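Below are the chains, spelled out letter by letter.
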Amino acid sequence: MKKRIGILLSGRGSNFEALADSVAAGRIPNAEIAIVISHREGAPGIDRARARGIDARVIPSKGLEREAYDRQVVAVLQEKNVDLVCLAGYLRLLSPYFVQAFRGRILNIHPSLLPAFPGLESQRQALEHGAKFAGCTVHFVDETLDAGPIILQSAVPIRDDDTVDSLSARILAEEHRIYSQAVRIVLEGRYRIDGRRVIILSDAPIPNNVAKNAAKNHV
Ligand code: GRF
């Protein structure tokens, strides 16, 4: 059975598209994107999902308390039998209700080397701080903002002539690369968590026939 991914986004959706491309190309094997949800009418990511024939829905958040809204989103994710929730530029905090409903099964991509520069405009924060390296982080989502266990990171140098735009573009290319890698690792269960540390178990997934033979021979 294919693992089912649910995507939450607020804006342009380039990370969603990178994941969709990876699923289509087999870089994230045995998976499908079951649903894309946004709280924002007119989020370009929703149109991009529909253009790919993916079920994409806007669930407006206006006027709703955080948990009341999240209950609606969780209900749709459950109705679609989602195994893994990927936040892809989702500009809302999740309620404890949401985190509990998908505990250990929610990932986020953040454009900094966490724990540096959490929150908004991380690329600008890194530049203005005078950091020499920036980057991105894929992490599990828990009740704390941008602070769940880190799965993968990638660093990029900050150049003297960088602007927020040039730095953001360099980071974004790495976001697209490591988000797919992290989703694959998590869907394949190739990790264990030791306190705050996510230990990646092996880079080489065992092909199906080898795994079956090993089971047969009690290896
Ligand atoms: C990305 O930089 C992501 O790291 C951050 O929001 C941005 C979303 O971009 N959380 P996109 O919508 O995926 O293009």
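1. Digging into the state of the cysteines
- Within the structure shown, the criterion is met by zero disulfides.
- Sulfur of Cys 86: no disulfide; nearest cysteine sulfur belongs to Cys 136 and is 14 Å away.
- A residue is classified by how much of its surface remains accessible, and Cys 136, at 0% relative accessible area, is buried.

2. Considering the nonpolar core
- Membership of the largest hydrophobic core comes to 42 residues, with the highest contact counts inside it found for Ile 7, Val 36 and Val 183.
- Top element by residues in this core is helix 6 (residues 164–187). It accounts for nine residues.
- Residue assignment places this core across two domains, with domain 1 (1–103) and domain 2 (108–219) each supplying three or more.
- Residues in contact with Val 36, not counting those within four places in the same chain, are Ile 7, Leu 9, Phe 16, Ile 46, Ala 49, Ile 54, Asp 55, Ala 56 and Arg 57.
- Core analysis: the second largest hydrophobic core is formed by 20 residues, Leu 77, Phe 98, Phe 102 and Ile 106 among them.

3. A closer look at the side chain of Gln 123
- With respect to the secondary-structure elements, Gln 123 resides in helix 5 (residues 122–129).
- The residues touching Gln 123, leaving out its near neighbours within four places in the chain, are Pro 111, Leu 167, Ser 168 and Ile 171.

4. Some words on the site of the ligand
- Close to the ligand lie Arg 12, Gly 13, Ser 14, Asn 15, Gly 89, Ile 109, His 110, Pro 111 and Glu 175.
- Within the side chain of Ser 14, one N or O atom sits 2.5 Å away from an oxygen atom of the ligand.
- The separation between a nitrogen atom of the ligand and a polar main-chain atom of Ile 109 is 3.2 Å.
- Out of a free accessible area of 370 Å², the ligand has 85% covered by protein chains.
- Because more than half of its atoms lie within 2 Å of the grid, the ligand is assigned to the largest pocket.
- Elements with a contribution of two residues or more to the shell around the ligand: helix 1 (14–25) and strand 5 (106–110).
- Looking at the shell around the ligand residue by residue, the class counts come to two nonpolar, five polar and two charged.
- If you count residues domain by domain, the shell around the ligand takes at least three from each of domain 1 (1–103) and domain 2 (108–219).

The rules behind these values
- Residues numbered from 1 in each chain as written.
- Predicted model: local features only at pLDDT ≥ 70, side-chain atom pairs only at ≥ 80, totals over all residues.
- Heavy atoms only, no water.
- Disulfide = S-S within 2.5 Å.
- Buried < 20%, exposed > 50% of the residue type's maximum accessible area, 1.4 Å probe, protein only.
- Core = buried A, V, L, I, M, F, W, Y, C linked by side-chain atoms within 4.5 Å.
- Helix = DSSP H or I, 4+ residues; strand = E, 2+ residues; numbered from the N terminus.
- Domains from an automatic or database assignment.
- Contact = heavy atoms within 4.5 Å.
- Near = heavy atom within 4 Å.
- Polar contact = N/O pair within 3.5 Å; in protein donor to acceptor, adjacent residues only side chain to side chain.
- Areas by Shrake-Rupley, 256 points an atom, 1.4 Å probe, with all protein chains shown as cover.
- 1 Å grid on protein atoms, 1.4 Å probe; cavity = no way out; pocket = protein on both sides within 12 Å on 5 of 7 lines; lining within 4 Å.
- Sits in = over half its atoms within 2 Å of the grid points.
- Nonpolar A, V, L, I, M, F, W, Y, C, P; charged D, E, K, R; others polar.

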